[in-house]
Amino acid sequence: MKKLFVLVLLLSVALVQAQRTCATPQKTQELMNTVPGFAAHHQEMKTYLRNTSQENLFNKPNAPQVVVTIPVVFHILYKNTAQNISDTQIATQLAVLNADYRKLNADFNSVVPSVFRPLGADMEIAFCLATRTPTGAATTGITRKSVASSFSFDNNYYATSGEPAWDTTKYLNIWVGKFTDNTLLGFAYLPSSAGTNYDGLCISYTAFGTTGTATAPFNKGRTATHEIGHYFGLDHPWGSDGSNCNTTANSDGVADTPATNNPYYNCPTFPSNTNACTTTTNGSMFMNYMDYVDDACMAMFTTGQKGIMQNTLAGPRLSLITSNNGCGALTLEDFEAINAIAVYPNPVRNYFQITSPLVAIDEVELFNALGQLVSTQKLVGTNAQVNVSELAVGTYYIRIYNQGSFVKSAKIVKQ
């Protein structure tokens, strides 16, 4: 009897360990609890990104049809030689990302049911290893560092004890290492954290790429696909909580992903309504990259999810698409400089940001509806923050300058 109990216990532990876990909601909640004003900013950003009907660089009339290529730097933080994954393993992960985000994955037709295939979308996003460091030196796009056995990868990945991020406005930083919780596969920061020194994603060395230390059932590179989805603004299909199908907060805000109230695990059989908010013939889209199924059982993003990603790339992550760090950045021939200035979120309560990757800007003026100047603020960096917390509710007109020369105007609504 004792041996049977131990066997059942071991099988239960193995089952738990074989289920996907993502800490993005927890990391977001930590910021809400500790960073003043972040909760309101995060909610405003979600509302902005979900408004896929707003005009942006990608859907405006005569907008060029382009594939955006993102420069990536992989930071390998290892406690032993086994965790110091090979360049080959890194290359397999990059290949998976480039297939999944262009809808070129070989398993699309075999994994995605025919009823959902028309919703599948080419994200028109590609990834490449950075060829230049922030200082302009040549690089392979990979850093490696031996860390202490007591090192907390979960919390210190970007600290000096780990590997500080390369400019997060210009690179997608991906840290690979061993989490304190062996069941955790990864987490990423949403666009509300764009430009911070911790921005990017962390992935377990056992759920990275398709070879080497990658361990089934998470050995097809889909953990990175999933986490980068968060990085570009996507929620899980059940939202940030998922416990209540009747609340907007617990929805992913995407019209073409059927609403669910909990994640799907392992490899469900189609159709499944187990966690569906509304029972239908087609059931849930559990094979979406943002669900929790095994790597082999997820194979698609949707057109609605693409809209959110494009809003992210036209707003909080705009500077990534003009980065000159080795990926053939978009130029003025693709997007005019004046259009490559994003003001978001809008409406706003406490602060909005101005992202201007192609044109230097250093000052903004805010005028009320009567045309009266109510605030002048200096702008610092590619992602500059503008505080409007002291302004009255209403509509404001802004004028953006560089060294006294007018660059662009825009309108914001203070809630």
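Structure's up top.
Going along each chain's sequence as written, the residues are numbered from 1 onward. Note on the predicted model: pLDDT of at least 70 is required for a residue's local features to be given, and 80 or more for side-chain atom pairs to be given and counted; whole-chain, interface and lining totals, by contrast, use all residues. With hydrogens and water excluded, all non-hydrogen atoms of the structure serve as input to the side-chain values.

**Concerning the sheet that holds strand β9 (residues 363-367)**
Two strands make a pair as long as DSSP finds a minimum of two bridges between them. Each helix is a run of H or I in the DSSP string that is no shorter than four residues. Each strand is a run of E no shorter than two, and both are numbered from the N terminus. Taken together, four strands build an open sheet; the order of strands is β10-β9-β12-β13 and the sheet is antiparallel. Edge positions in the sheet fall to β10 (373-378) and β13 (405-414), since each has one partner strand and no second. If you compare each strand with its neighbour and ignore which way they point, the axes differ by 20° on average. Bridge count for β9 against strand β12 (residues 394-402) is five bridges, and the pairing is antiparallel. The partner of E365 across the bridge, within β12, is R399. Angular values range over 0 to 180 degrees, each being the angle between N-to-C directions of two axes fitted as lines to C-alpha atoms, with helices fitted over their stretch in contact.

**Quick word on the packing of helix α4 (residues 87-100) against helix α7 (residues 222-231)**
Two elements in contact, α4 and α7, have axes separated by 9 Å at closest approach and are oriented at 55°. Taken together, the axes of α4 and α7 are oblique relative to one another. Our pair here, α4 against α7, has a crossing hand that is right-handed. Taking contact as the criterion, the partners of Q93, V96, L97 and D100 in α4 are, on α7, R222, A224, T225 and I228. When residue character is reported, Ala, Val, Leu, Ile, Met, Phe, Trp, Tyr, Cys and Pro are called nonpolar, Asp, Glu, Lys and Arg charged, and the others, Gly included, polar. The residue inventory of the contact of α4 with α7, partitioned by class, reads four nonpolar, two polar and two charged. Small angles under 35 degrees read as roughly parallel and large ones over 145 as roughly antiparallel, with 65 to 115 read as roughly perpendicular and the rest as oblique. Crossing handedness is defined as follows: a turn of the near helix away from the far one that is anticlockwise and smaller than a right angle gives a left-handed crossing, while the clockwise case is right-handed. Note on definitions: a residue-residue contact is assigned when non-hydrogen atoms from the two residues lie within 4.5 Å.

**Details of the layout of surface pockets**
In this structure, the largest pocket occupies an estimated 450 Å³ of space. Lining the largest pocket we find 16 residues, and of these E55, N56, I341, V343 and K408 sit closest to its centre. Where the lining of the largest pocket is concerned, the elements lending two or more residues are α8 (303-314), β7 (342-344) and β13. Using protein atoms alone on a 1 Å grid, points that fit a 1.4 Å probe yet trap it form a cavity, whereas open point sets bounded by protein on both sides within 12 Å along at least five of seven lines form a pocket; residues with an atom within 4 Å of a point count as lining. Grid points are joined across faces, edges and corners, and a volume is the space filled by probe spheres set on the points.

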